[in-house]
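One letter stands for each residue in the lines below.
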Amino acid sequence: MAPELWLSLIENATKTAIIQDGKRKVHFLMEDGREMVEEYHLETNVLVRRAWKEKGKLGQDVGWNVEIGDPEPRKSNIEVCGIQESSSAPFVTRRNTKTSLEWRIRNLSYPQNVYSVTAEDDGTITVRTSNKKYFKKLIVPDLERAGLKPEQDRISFTHQYSTLIITYKKPHALLELEKKVLNEVLQVKARKDSDVQCPIS
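The model shown is predicted, which means the values in this text are computed figures rather than measured ones.

Visitor: Sorry if this is basic, but what is going on with the layout of surface pockets here?
Guide: Within this model, the second largest pocket holds a volume of roughly 350 Å³. Lining the second largest pocket are 21 residues, with Leu 47, Asn 96, Lys 170, Glu 178 and Lys 179 sitting closest to its centre. At the level of elements, strand S4 (47-55), helix H3 (141-145) and helix H4 (172-186) are the ones that each hand at least two residues to the lining of the second largest pocket. Of the residues contributing to the lining of the second largest pocket, the split by class is 9 nonpolar, 4 polar and 8 charged.

Visitor: How should unusual backbone geometry be read in this particular structure?
Guide: Trans peptide bonds make up the majority, and among non-glycine residues the majority have a negative phi. Here the phi dihedral of Asp 21 falls at roughly 55°; this positive angle occurs in a residue that is not glycine. One can find Asp 21 in the loop between strand S1 (14-20) and strand S2 (23-29). By relative accessible area, which is 62% here, Asp 21 ends up exposed. Although it is not a glycine, Lys 132 adopts a positive phi angle of roughly 65°. Checked against the element boundaries, Lys 132 lands in the loop between strand S9 (125-129) and strand S10 (135-138).

Visitor: In this structure, what is going on with the sheet that holds strand S13 (residues 190-191)? I would like to understand it.
Guide: Within a beta sheet, neighbouring strands are joined by backbone hydrogen bonds and run either parallel or antiparallel to one another. Spatial strand order, S5-S4-S3-S2-S1-S13: 6 strands in an open sheet with mixed pairing. Looking at strand neighbours, the two that pair on one side only are strand S5 (61-68) and S13, the edges of this open sheet. Most of the contacts of helix H1 (residues 3-12) go to S1, to which it runs at about 75°, and overall it touches S1, S2, strand S3 (35-41) and S4.

The rules we used
Residues numbered from 1 in each chain as written. Predicted model: local features only at pLDDT ≥ 70, side-chain atom pairs only at ≥ 80, totals over all residues. Heavy atoms only, no water. 1 Å grid on protein atoms, 1.4 Å probe; cavity = no way out; pocket = protein on both sides within 12 Å on 5 of 7 lines; lining within 4 Å. Points joined across faces, edges and corners; volume = space filled by probe spheres on them. Helix = DSSP H or I, 4+ residues; strand = E, 2+ residues; numbered from the N terminus. Nonpolar A, V, L, I, M, F, W, Y, C, P; charged D, E, K, R; others polar. Buried < 20%, exposed > 50% of the residue type's maximum accessible area, 1.4 Å probe, protein only. Pairing = 2+ DSSP bridges. Contact = heavy atoms within 4.5 Å. Axes fitted to C-alpha atoms, helices over the stretch in contact; angles between N-to-C directions.

Next up, the structure:
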C-alpha cells in the first residue's frame, strides 16, 4: 500500500473521539464501511491500541480484531465444541512505542540462543527455533501501509520470563506517516464525558 492511500483513508473517514481513562479514543468509519478504533495515551500521544471490527460471512458483527494492544478476552470454546486451546500455548501481543514496533510472544521457555528472527522478502518477520519447536510469521501492517518491507538491521530481540520480545526500530518514512495520522487525530474534537454512549468504549 502506498502511504498516501492509508493517509487518505484516515482523512476521509468519519471520526469521533472521547477522552477516557487517560486516553484519547478515536472511532473511524472508513468510506469502504470498515470500522477501526485507536487509543492514544493523552500525555505522550503514543498509540497504545488499534482494533478493527470484524464481520461474519453474513455481515453480522463478530467482535474486534486487535492489531495493537492486549487481545480481547477469548470466549471459551469448551461449551461449543468440547475442546479448549491450552493456556500454555505461545501467543503474540503487539506493542507500539514512539520509536519502535514491538511483539511479545509469551509461553516460549526455550533459551535465547535457539531463536532466530529474520526479515523476509514477503514483507513478514519470521521467528524460528533451531530445535524446530516453534515457527511464526509476523505480519507488519504498519510497514505495509507505509509501502515498506522489514529490514534485518532494524530487528533486535531478547528473551526473559518465558517471553520473546522482538523490537523493530521504526524507519523515518513510518515515523513521518504516523505523525501525519496523529495530526488528523488531534483535529477531531474529543468529548470528555466518560458516560457518553460511544462505540469505542
